[in-house]
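# Inside the fold
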Amino acid sequence: MKNMVHVEGGHFKMGSNNESASLAEQPRHSVTVNSFYIDKYEVTQKLFETVMGSSNSYFPGDDFPVNNLSWQQANYFIDQLNKQTGKNFRLPTEAEWEYAAQGGNKTKNHIYSGSDNIADVAWYADNANNKAHPVGMKHPNELGLYDMTGNVGEFVIDTYEENFYSRLTDNRNSSQTPSENNHSTNNPANIIDSKHPLAYKSVRGGSYSYAANESENYRRDSASQTAIMADMGLRLVLDITP
């Protein structure tokens, strides 16, 4: 796909030690991610409906991010997209998402994705009029990615656990062997397959309904994998094949 941006892998600081950070966002810790591709835009309704035939988006429009869908529906869309394209698209891990939001190895360490002034890069509570907007209308971040902050929240592949960051650092500082869910700081991914409808998944990036102090790059949110909300959508990632 023409909009996929190459993100060179590297090391970065994930999470925050700020007093305003929640327990789920602490501690700030070093993480390594491999290189990958990520879409410069949130998945649009045009793309989603080309694959699926229709969507139930609350805010309709070809260039609007697809919205009002669940984590399960997002993954079903990706499955169908992969069948049609022969590719292997997926949701990003939380670590990949935050690394890309920070600007990867081009980062200027902004508070939000691409700026310290949220209005430059995001549709958020103070300027969005409580609705989604077409993708790519604000300034991009250092990697050329749009709407990583605001507009609609973005599902990631990880299961949400409040103490996941703490367990990452505990494993790093002990002789424990990381589990199969990769509780290490090298490409961490808290991937737990659950059929229970209330299994919680992570959502990143805030949305049009979030305030500036709820939208920093490190912020984590969650939703059950069957929850459908008007301010949630997705962004595609593609692995780099040898």
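That block above? That's the structure.
The rules we used
- Residues numbered from 1 in each chain as written.
- Predicted model: local features only at pLDDT ≥ 70, side-chain atom pairs only at ≥ 80, totals over all residues.
- Heavy atoms only, no water.
- Helix = DSSP H or I, 4+ residues; strand = E, 2+ residues; numbered from the N terminus.
- Rg over C-alpha atoms; globule rule 2.2 N^0.38 Å.
- Buried < 20%, exposed > 50% of the residue type's maximum accessible area, 1.4 Å probe, protein only.
- Contact = heavy atoms within 4.5 Å.
- Areas by Shrake-Rupley, 256 points an atom, 1.4 Å probe, with all protein chains shown as cover.
- Lys, Arg positive; Asp, Glu negative; His and termini not counted.
- Charge placed at Lys NZ, Arg CZ, Asp CG, Glu CD.
- Pairing = 2+ DSSP bridges.
- Axes fitted to C-alpha atoms, helices over the stretch in contact; angles between N-to-C directions.
- Expected span 1.5 Å × (residues − 1).

## Observations concerning the overall build of the protein chain
A count of helices and strands for the protein chain gives five helices and 10 strands. The C-alpha radius of gyration of the protein chain comes to 17 Å, within 12% of the 18 Å expected for a compact globule of 242 residues. Oriented by its inertia axes, the alpha-carbon framework of the protein chain measures out at about 50 × 40 × 35 Å. Taking all 242 residues of the protein chain together, 52% fall into the buried category. Taking the contacts inside the protein chain whose residues are at least 6 apart along the sequence as the reference set, 72% of them involve residues at least 24 apart. Summed over all atoms, the accessible surface of the protein chain reaches about 11,100 Å², with 46% contributed by carbon and sulfur. One finds the centroid of the 20 positive side-chain charges in the protein chain at a distance of 5 Å from the centroid of its 29 negative side-chain charges.

## Some details on the sheet that holds strand 10 (residues 237–239)
Read across the sheet, four strands follow the order 1-4-10-5 without closing on themselves; strand pairing throughout is antiparallel. One side of each edge strand has no neighbouring strand; the edge strands of this open sheet are strand 1 (4–7) and strand 5 (89–90). Strand direction decides the pairing type here: strand 4 (residues 36–39) and strand 10, joined by three bridges, are antiparallel. When the sheet's bridge partners are listed, Y37 is paired in strand 10 with L238. This element, helix 3 (residues 94–102), spans strand 1, strand 4, strand 5 and strand 10 of the sheet and lies at about 70° to strand 4.

## Here's the deal with the pairing of strand 3 (residues 29–33)
Alternating residues of strand 3 divide into H29, V31 and V33, all buried, and S30 and T32, none buried. Where strand 2 (residues 10–14) meets strand 3, five bridges bridge the pair, whose relative direction is antiparallel. The partner of K13 across the bridge, within strand 3, is S30.

## Brief notes about helix 2 (residues 71–85)
With 15 residues, helix 2 extends 21 Å from end C-alpha to end C-alpha; this agrees with the ideal 21 Å at 1.5 Å per step. Those residues of helix 2 lying buried are W71, A74, N75, F77, I78, Q80, L81 and N82. Buried positions along helix 2 lie against helix 1 (45–52), strand 5, strand 6 (153–159) and strand 7 (200–204). Within two residues after helix 2, G86 carries a phi angle of roughly 75°, on the positive side.

## Brief notes about the environment of F36
Tracing the backbone shows F36 in strand 4. In sequence terms F36 and A95 are 59 residues apart; their C-alpha atoms lie 12 Å from each other. Sequence-distant contacts of F36, defined by excluding residues within four places in its chain, comprise V5, H6, V7, E96, Y99, A100, V237, L238 and I240.

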